[in-house]
Amino acid sequence: MKQPKKTTAVPAKKQRKATRFHGTDHWITRKQLAALCSKSTPFFATLWKLCAAHALRISEALALRADDIAGGFLVVKRLKGSQRTRLPLLVDLSTQVATGSYRLFPVHRSSAFLHFRRAAAEIGLHPDLRHPHVLRHSTAHWMLNGGAALNVTSQYLGHTSLASTAAYLNCSDQMASAAAASI
């Protein structure tokens, strides 16, 4: 008598959760930034405003010292192989300077991420937008949609290549949907 063949069930492949947001709507509005700041302590609200006003990565902002803001200018050594920028300071950092601390924002990067995530959840930001790097993307988006030239935006972001900045030229999903709805 023939024995039935043993069949081994092949487990179904698990769907991997996307680790990063792949859409083009990777920015927040100025109104959302204001709401985010209102849900944060004054210390972190100043940090968020600084990152948004100067298109800083959180690590760039946390590395700032008092001598980096001398004479009303902000000097930033950009990360990831980017250039050094010198920009007029757009945010009042007098409280941070007055503390006399070595760094203007003496907090660990992970702490800043947690504070941002909590405030972003409180105002109802999409989970994919609950990290401080969204502030840098927002600045680029605001500049390009406001009519700033690509080379000007590239310089402001500290990019050494226009190709790095060109990634922000993609229209957002909202913009594409609005255009489609208008026809």
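Residues numbered from 1 in each chain as written. Predicted model: local features only at pLDDT ≥ 70, side-chain atom pairs only at ≥ 80, totals over all residues. Heavy atoms only, no water.

A. Geometry of the packing of aromatic side chains. The final tally for this structure, using the stated rule, is 4 aromatic pairs. Here the aromatic rings of Phe43 and Phe105 are separated by 5.5 Å at their centres, their planes lie at 65°, and the arrangement is edge-to-face. Here Phe105 lies in the loop between helix H4 (94-98) and helix H5 (109-122) and Phe43 lies in helix H2 (residues 42-54), a separation of 62 residues in the sequence. The class of Phe43 is partly exposed, set by a relative accessible area of 26%. Ring-pair connections join several aromatic residues into one group, and the members of that group are Phe43, Phe44, Trp48, Phe105 and Phe116. One Lys or Arg, Arg86, reaches over the ring of Phe73 and ends 3.8 Å from the middle of that ring. (Phe/Tyr/Trp six-rings, centres within 6.5 Å; stacked < 30°, edge-to-face > 60°. Helix = DSSP H or I, 4+ residues; strand = E, 2+ residues; numbered from the N terminus. Buried < 20%, exposed > 50% of the residue type's maximum accessible area, 1.4 Å probe, protein only. Lys NZ or Arg CZ within 6 Å of the ring centre and 35° of its normal.)

B. Up close: the side chain of Thr165. Within the fold, Thr165 resides in helix H8 (residues 162-166). Judged by relative accessible area, which is 0%, Thr165 ranks as buried. Here Ser154 takes part through its side chain, which lies 3.1 Å from a polar atom of the side chain of Thr165. For Thr165, the side chain forms a polar contact with the side chain of His159, separated by 2.6 Å. (Polar contact = N/O pair within 3.5 Å; in protein donor to acceptor, adjacent residues only side chain to side chain.)

C. Here's a closer look at the pairing of strand S1 (residues 73-77). One ladder, built from 5 bridges, connects S1 with strand S2 (residues 84-88); its direction is antiparallel. By the bridge assignment for S2, Leu74 is matched with Leu87. (Pairing = 2+ DSSP bridges.)

D. Region of interest: the pattern of salt bridges. Counted by the stated rule, this structure contains 4 salt bridges. For Glu60, the salt bridge identified is with Arg57, shortest N-O distance 2.7 Å. When sorted by exposure, Glu60 lands in the same class as Arg57, which is buried. Across the pair Glu122 and Arg118 runs a salt bridge, and its minimum N-O distance is 3.4 Å. Here Glu122 and its partner Arg118 are both found in helix H5, 4 residues apart, which amounts to about one turn of the helix. Residue classification places Glu122 among the partly exposed residues on the basis of a relative accessible area of 45%. Taken together, the shared-partner salt bridges connect Arg57, Glu60 and Arg78 into one network. (Salt bridge = Lys/Arg side-chain N within 4 Å of Asp/Glu carboxyl O.)

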